[in-house]
Amino acid sequence: MKKKGNEYIAPDEITPTEPEKTAKKKKEKQAKVKESEPADSTTEPTEKRKFNFFKPVSNFFAPENRRTNLTTGAVLVLFSVYQLLSFISYFFTWKADQNLILNKGFFSFLFSTEEVEVANHLGKLGAWLSHQFLYEWFGLASFFFPMLFFVFGIFLLFRIQLVPLQRALARSVVGIIILSLFLGFFTTDHSFPYGGSIGYHFNAWLKLSLGTAGALLFQMVLVFITIVQMFNPDFRQMAARFGLKKEEPATHEPLTEATDEPDLKIVNTLREEDIIHEKVSEPIDLKDDLSGHEAQINILVEDEEEPEPEIKEEANLPEELEALNTDEFQVEVAPTEETLSDDDLKDLSKEFGDYDPKLDLSSYMLPSVDLMENYGGNQTHVTKEELEANKNRIVEALGYYNIEISKIKATVGPTVTLYEIVPAPGVRISKIKNLSDDIALSLAANGIRIIAPIPGKGTIGIEVPNSKPDMVSMRALISSEKFQNSDMELPVVLGKTISNETFMFDLAKAPHLLCAGATGQGKSVGLNAILVSLLYKKHPAQIKFVMVDPKKVELTLYQKIERHFLAKLPDTEEAIITDTSKVVNTMKSLCIEMDDRYELLKNAQVRDIKEYNKKFIARKLNPEKGHRYLPYIVVVIDEFADLIMTAGKEIEHPIARLAQLARAIGIHLIVATQRPSVNVITGMIKANFPARIAFKVSSKIDSRTILDQTGADQLIGRGDMLISFGNDLTRLQCGFVDTAEVERICDFIGGQRGYESALLLPEYVGEEGESDLGVDMSQKDSLFDESAKLVVVHQQGSASLLQRKLSIGYNRAGRIIDQLEAAGVIGPFKGSKAREVLISDLSALELFLKNLG
């Protein structure tokens, strides 16, 4: 006991810092004594040699040597990144660099003054490192090295252990060796052993000694032992997780001869039962003698097959319900209204058959191909002499830069001929890709586009425009067997590819389309081609169009098919929208329609419109509960940039919602603009338009804006286009459809019997309906009458006008503007447009103010 004043403090009450300090001082003294003593060879020579060996290394990387740590860590991190990039580049360039490295030694390869061109992107050192690690040593297992260097470099730089260093080092060394030996088994060609030379030669010896089957068994056992030693996995838990472990049935031995331990477990189990179901049996006190309850425990275990508590509770339920007051509490069982049995479904199918959405317009006829004209002869005008001359010029132009070609092939398209070349081994693709201007100069042609390499072919493509391009008619595309026999939901045929094949895609899977290009390059013709494709394939009950035409002249031809294919807001005269304020309300109405459709899909327990309509046609959904057949809705917006300039940010939110969510319920957007810059189409909207069409643009920047890559600036115009569905880029010649053809098609459809009106979208009440704006007209501003006269005289309703003329602040001017709007002097706010003045002259204003009082 230690005495402190008049109090005694126990040893365990001493603060922990004192014993820690004393113990630390003792350890330091012992360490100094041990270091001063000479090494005795007779006592533990191995441990002392090990300590002396690692001591300089540990001192070298001690935290006190901060400069050394930072320098070494930075070198390790940079070297790991360099090594990783050289390894990745090696997969694509190893054939070109292998002969150079094998024919020359290390010093002659790296330090020779001769100009040796290597294909590896990390230079000579990168080529040698990747060859040495991947080819000569460990193969794919060498990727552990840059990761290991990076982890140690981060530790030395920031003293942060991404993983435990000792464990990472041990497992990496073992993993490199075992993975190299394992991958070497699957190597059949010595040109690139996946396990490196070490794995390849080891497995070659192993197969000779044990045979292929024995070598495989050996490798499997080796990998299994490695996994067990390194990770120690719990196989029983893994088997139980995948449902492979069978639970053993619980067996109870007679308790009369049992020991005390199993009796205690059963009593504890019964105690939980008795706590949950108090009506079953009397609670047993755990403090009582266990032997006194032996007979009761035996009875309960023997009758375990019929659990008494549950039966008693179920038996008491009707009595408890009868005891309740029936006037205050009634139990009703809701019938399953939409769930029908298989027998009921068979009876309904026999009696009524499947629902036919086309029944209302059963006499409707699809347009005939004869309504369209055949402009092109569907024959290429490229002669063999032209092909041979272009081929020789390409070979000659590449020969000027010492680029040899082993093979060249030509594919003739309607407007462009594709020359596929196979360069000689060792030729860098980037050299050919940078010669597009030189090849165009030698061929005396515009629009040369180089595809290096062509995806999936292993060749380099050079697209050369034909001297006499052929026009692709929409009639040839519509009458093609591919389009007529397609089973797509929303088939769209656009044009022909370079190989003269008809190009089609499903708009339902697109799911939204962005079309852009310079003025006069074919955007409007492309929109007409899309619309004509859908009109030639779908019934009016299956698809509806919402058309927005700020230019007021491009889509007016489709006004004739309003009662068949168009959709509009209630109480609107024209279905084709040209007014900006109506565009905003229409988009918000489509958002309401989208939410309503998602609610229907949720109630029907389906995921998309295709499954929903299939279920509705099979009469598995009750129309009395709001279910209906859902047609596809295609929203076509021409000149979207003008719409953004006039409507501003009001239209951005509903279009972003539709682009993000409307795919599953059958609402698809087709947006056309000249240049989809950031201020026109935001990143949120653009990210939801994976399908993009680009006609000819003026610069590479515009091409990257549309397609996220160059190429559209090298098109030749007049329907020449690129279409992208993500990564793949396809060059097409868009099918030409004239205005007269569209007019004939619309006349044919409009002349048939249609619905009573266009499809009415959900009603949306905008800000125009809120006329009072929460303004109390009994507290008018003292300058209200004078402000009204200024607005009527200048026919301009703006707060800035009142600020200048009346010398008042912005807040007061804004309140007066709100009062003028609430009184009916000026119209509502219209984005960037000026407010409309509703009173024409001062005499009418004076009469209005008298009535206003």
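None of these values were measured; they are calculated from a predicted model. (Residues numbered from 1 in each chain as written. Predicted model: local features only at pLDDT ≥ 70, side-chain atom pairs only at ≥ 80, totals over all residues. Heavy atoms only, no water.)

1. Observations concerning the overall build of the chain
To keep it simple, the criterion reads: In this text, helices come from DSSP runs of H or I with a minimum length of four residues, and strands from runs of E with a minimum of two, each type numbered from the N-terminal end. Each residue is assigned to one of three classes by its accessible area relative to the maximum for its type, calculated with a 1.4 Å probe on protein chains only: buried under 20%, partly exposed between the two thresholds, exposed over 50%. The criterion used for residue contact is that any of the two residues' heavy atoms lie within 4.5 Å. For every accessible area listed, the method is Shrake-Rupley and the probe measures 1.4 Å; residues are considered covered only by the protein chains on display.
Counting secondary structure elements, the chain contains 31 helices and 17 strands. The 853 residues of the chain split such that 40% are buried. Taking contacts inside the chain between residues at least 6 apart in sequence as the whole, the part at least 24 apart equals 65%. When the accessible surface of the chain is split by element, carbon and sulfur atoms take 54% of a total near 50,500 Å².

2. Remarks on the layout of surface pockets
The probe, sized like a water molecule, is rolled over the atoms to show the empty space still left. Quick reminder of the rule: Within this scheme a cavity is a closed region of a 1 Å grid, computed over the protein atoms alone, that accommodates a 1.4 Å probe without allowing it to escape, whereas a pocket is open but has protein on both sides within 12 Å along at least five of seven lines; lining residues each have an atom within 4 Å of a point. Grid points are joined across faces, edges and corners, and a volume is the space filled by probe spheres set on the points.
The volume enclosed by the largest pocket comes to roughly 990 Å³. Taken together, 32 residues line the largest pocket, and the ones lying closest to its centre are R449, I451, P455, E463 and L729. When contributions to the lining of the largest pocket are tallied by element, the ones reaching two or more residues are strand 4 (416-423), helix 16 (436-443), strand 5 (449-451), helix 26 (700-707) and strand 16 (729-734).

3. As for the sheet that holds strand 15 (residues 720-725)
Note the cut-off: The rule for pairing is simple: two strands pair if DSSP sees at least two bridges between them. Under this scheme, a helix contributes an axis fitted over its contacting stretch, all axes are lines through C-alpha atoms, and angles between N-to-C directions fall in the 0 to 180 degree range.
Read across the open sheet, the nine strands follow the order 8-7-16-15-14-9-13-12-10; overall the sheet is mixed. The sheet is open, and its two borders are formed by strand 8 (502-506) and strand 10 (543-548), each paired with just one other strand. Across the sheet, the axes of successive neighbouring strands diverge by a mean angle of 30°, strand direction being ignored. Docked against the sheet, helix 26 engages strand 9 (513-516), strand 14 (691-694), strand 15 and strand 16, running at close to 155° with respect to strand 14.

4. Focus on the nonpolar core
Put simply, the rule is: Only buried Ala, Val, Leu, Ile, Met, Phe, Trp, Tyr and Cys residues count toward a nonpolar core, and they belong to the same one when joined by side-chain atoms within 4.5 Å.
Grouped together as the largest cluster of nonpolar side chains are 101 residues, with contacts concentrated most on L494, F545, Y558 and M587. Setting aside its immediate chain neighbours within four residues, Y558 contacts N528, L531, V532, L535, M547, L566, I576, V742 and C746. In this structure, I808, L820, V837 and I839 belong to the second largest nonpolar core, which totals 21 residues.

5. Let's talk about helix 14 (residues 384-399)
Filter applied, for reference: In this scheme, a helix's expected span is set at 1.5 Å multiplied by one less than its residue total. Taking the helix axis as origin, the arc is that swept by the directions to the C-beta atoms.
Over its 16 residues, helix 14 extends 22 Å from the first C-alpha to the last, a length consistent with the 22 Å expected when each residue adds 1.5 Å. Every buried residue of helix 14 is listed here: E386, N390, I394, A397 and L398. Each buried residue of helix 14 lies within a common arc of 95° when the element is viewed along its axis, so the set occupies one face. Turned more than 90 degrees off the buried face of helix 14, the exposed positions are K384 and E385.

6. Observations concerning a nonpolar patch on the surface
So the rule is basically this: Only residues whose relative accessible area exceeds 30% and that form no salt bridge enter a patch; like-charged residues are grouped when within 9 Å of one another, and nonpolar side chains (Val, Leu, Ile, Met, Phe, Trp, Tyr) when within 5 Å. Whenever Lys or Arg places a side-chain nitrogen within 4 Å of a carboxyl oxygen from Asp or Glu, that contact is recorded as a salt bridge.
Where nonpolar side chains cluster on the molecular surface, the patch consists of V81, L84, L85, I88, F91, F92, F150, F158, I160, L162 and V163 and spans about 1,000 Å² of accessible area. Elements represented by at least two residues in the nonpolar patch include exactly helix 3 (66-103) and helix 6 (144-158). With six residues, helix 3 is the largest single contributor of residues to the nonpolar patch. With respect to the helices, strands and loops of the structure, F158 is situated in helix 6. Residue classification places F158 among the exposed positions, given a relative accessible area of 53%.

7. Some details on the packing of aromatic side chains
Worth spelling out the cut-off: To pair, rings of Phe, Tyr and Trp, with the six-membered ring standing in for Trp, must have centres within 6.5 Å; the planes then decide the type, stacked if under 30 degrees apart, edge-to-face if over 60, and tilted in the middle. Only when the NZ of Lys or the CZ of Arg is both within 6 Å of the ring centre and within 35 degrees of the ring normal is a charge said to sit over the ring.
In this structure the tally under the stated criterion is 15 aromatic pairs. Residues F87 and F143 carry aromatic rings whose centres are separated by 5.5 Å and whose planes lie at 75° to one another, so their mutual orientation is edge-to-face. Placement of F87 in helix 3 and of F143 in the loop between helix 5 (123-137) and helix 6 is noted, with a sequence separation of 56 residues between them. A residue is classified by how much of its surface remains accessible, and F87, at 0% relative accessible area, is buried. Ring plane angle 35° and centroid distance 5.8 Å describe the contact between F138 and F145, whose orientation is recorded as tilted. Of the two residues, F138 and F145, both sit in the buried class. Members of the aromatic cluster, connected to one another through ring pairs, are F79, F87, F133, W137, F138, F143, F145 and F149. For the cation-ring pair, K207 lies above F185, with the distance from its terminal atom to the ring centre recorded as 4.8 Å. The ring of F483 has K537 lying over it, and the distance from NZ or CZ to the ring centre is 5.4 Å.

8. Some words on the sheet that holds strand 6 (residues 460-465)
Pairing within the open sheet is antiparallel, and its four strands lie in the order 3-4-6-5. The open sheet terminates on both sides in strands that have one partner only, identified here as strand 3 (405-412) and strand 5. Geometrically, the sheet is characterised by an average inter-axis angle of 20° between neighbouring strands, direction not taken into account. With six bridges connecting them, strand 4 and strand 6 associate as antiparallel partners. Paired with E420 across the strands is G461, a residue of strand 6. Running at roughly 45° to strand 4, helix 14 makes contact with strand 3, strand 4 and strand 6 of the sheet.

9. Quick look at empty space enclosed by the protein
What counts, and what does not: Note on residue classes: Ala, Val, Leu, Ile, Met, Phe, Trp, Tyr, Cys and Pro are nonpolar, Asp, Glu, Lys and Arg are charged, and everything else, Gly too, is polar.
Overall, the coordinates contain three cavities of 30 Å³ or more when judged by the stated rule. Within this model, the largest cavity holds a volume of roughly 50 Å³. P414, T415, V416, K496, T497, I498, D720, R731, L732 and Q733 are the residues that line the largest cavity. For the lining of the largest cavity, the secondary structure elements donating two or more residues are strand 7 (491-497) and strand 16. The element contributing the most residues to the lining of the largest cavity is strand 16, with three residues. Split into classes, the residues belonging to the lining of the largest cavity amount to four nonpolar, three polar and three charged. In this structure, the second largest cavity encloses a volume near 40 Å³. If you go around the second largest cavity, the residues you meet are F640, I644, K649, E652, N679, V680, T682 and I685. Considering only residue class, the lining of the second largest cavity consists of four nonpolar, two polar and two charged.

10. A few points about the pairing of strand 3
Both strand 3 and strand 4 contribute to a ladder of seven bridges, which runs antiparallel. Opposite A410, over in strand 4, you have Y419 as the bridge partner. The hairpin turn running from strand 3 into strand 4, its antiparallel successor, is three residues long.

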